[in-house]
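Here are the chains, one letter per residue:
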Amino acid sequence: MTEADIEAVSAVRVRGWQTAYRGLMPQAYLDAMSVAADAERRRSRFGRRSPEVSDLVAERDGEVVGWACVGPARDPDIAPGAGELPAPEPAAGELLALYVAPGLIGTGIGRALMAAGTARARAHGFHTLYLWVVRGNTRAQRFYERAGFVPDGAEEAYEVGGSSVPELRYRRPLTPEP
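- Going by what an unreviewed UniProt entry lists, the protein chain is known as GNAT family N-acetyltransferase and is assigned to Streptomyces nigrescens.

Set out below in structure tokens:
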């Protein structure tokens, strides 16, 4: 992903949320999401990313149609160096995002982004890849399970538009590429 891709990535992300989370989050919140506001936030953070964070885009005919982001795991119970001083090399990574333009879901773009994100995670030395998925997002859960992820029992909720949205954590070991 380059800085020039930010607006398109934000469009994919916002439309992805509005499609995937319909009925799982307050509709008023989803309707109020703004591509311009998302792009502004993304642009302000773009140059300050950790070198261990990889933003990847999928393009079709020169147009961004998908986005994935991988980086070090953020959860305290699995974060690199948790409980150890000094921190070792990052051992656990996280799939921070994976979105495909809603009209192109099921065309292989998500699988290609997953493969590229997994390769980046391995290249960063991560031995395990984690992700969070909104409970009830069965399409995403099936996708991640087909990619080798399994729920690890962790659940968390966060507030969206005044409602509590529960998420489930999944994990997948990353074996070295042959």
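**Points about unusual backbone geometry**
(1) Moving on: Positive phi outside glycine occurs at D61, with the angle close to 55°.
(2) Moving on: Here D61 is to be found in the loop between β1 (54–60) and β2 (63–72).
(3) Moving on: In this structure D61 comes out as exposed when scored by relative accessible area, which is 81%.

**A look at the packing of aromatic side chains**
(1) Moving on: Across all of its chains, the model carries five aromatic pairs by this definition.
(2) Moving on: Here the aromatic rings of F143 and Y144 are separated by 5.4 Å at their centres, their planes lie at 70°, and the arrangement is edge-to-face. For the residue pair F143 and Y144, the accessibility class agrees, reading buried in each case.
(3) Moving on: On the numbers, 6.0 Å between centres and 75° between planes, the contact of Y144 with F149 is edge-to-face.
(4) Moving on: You can call Y144 buried: its relative accessible area is 8%.

**Re the sheet that holds strand β3 (residues 92–100)**
(1) Moving on: Overall, mixed pairing links the six strands, which are arranged β1-β2-β3-β4-β6-β5 in an open sheet. At either end of the open sheet lies a strand with only one pairing partner, and these are β1 and β5 (150–160). On average, adjacent strands in this sheet sit at an angle of 25° to one another, irrespective of strand direction.
(2) Moving on: Where β1 lies against β2, seven bridges are found, and the strand directions are antiparallel. Within the sheet, the bridge partner assigned to E59 lies in β2 and is V64.
(3) Moving on: Of the strands in this sheet, β1, β2, β3 and β5 are in contact with helix α1 (residues 6–20), which crosses β2 at around 85°.

**A look at α1**
(1) Moving on: Here α1 contains 15 residues, and its C-alpha end-to-end distance of 21 Å stays within 8% of the 21 Å for a straight helix at 1.5 Å per residue.
(2) Moving on: Inspection of α1 places I6, V9, S10, V12, R13, V14, G16, W17 and Q18 among the buried residues, and these make up the whole buried set.
(3) Moving on: Those residues of α1 hidden inside the fold are in contact with α2 (27–32), α3 (35–46), β1, β2, β3 and β5.

The rules behind each value
- Residues numbered from 1 in each chain as written.
- Predicted model: local features only at pLDDT ≥ 70, side-chain atom pairs only at ≥ 80, totals over all residues.
- Heavy atoms only, no water.
- Helix = DSSP H or I, 4+ residues; strand = E, 2+ residues; numbered from the N terminus.
- Buried < 20%, exposed > 50% of the residue type's maximum accessible area, 1.4 Å probe, protein only.
- Phe/Tyr/Trp six-rings, centres within 6.5 Å; stacked < 30°, edge-to-face > 60°.
- Pairing = 2+ DSSP bridges.
- Axes fitted to C-alpha atoms, helices over the stretch in contact; angles between N-to-C directions.
- Contact = heavy atoms within 4.5 Å.
- Expected span 1.5 Å × (residues − 1).

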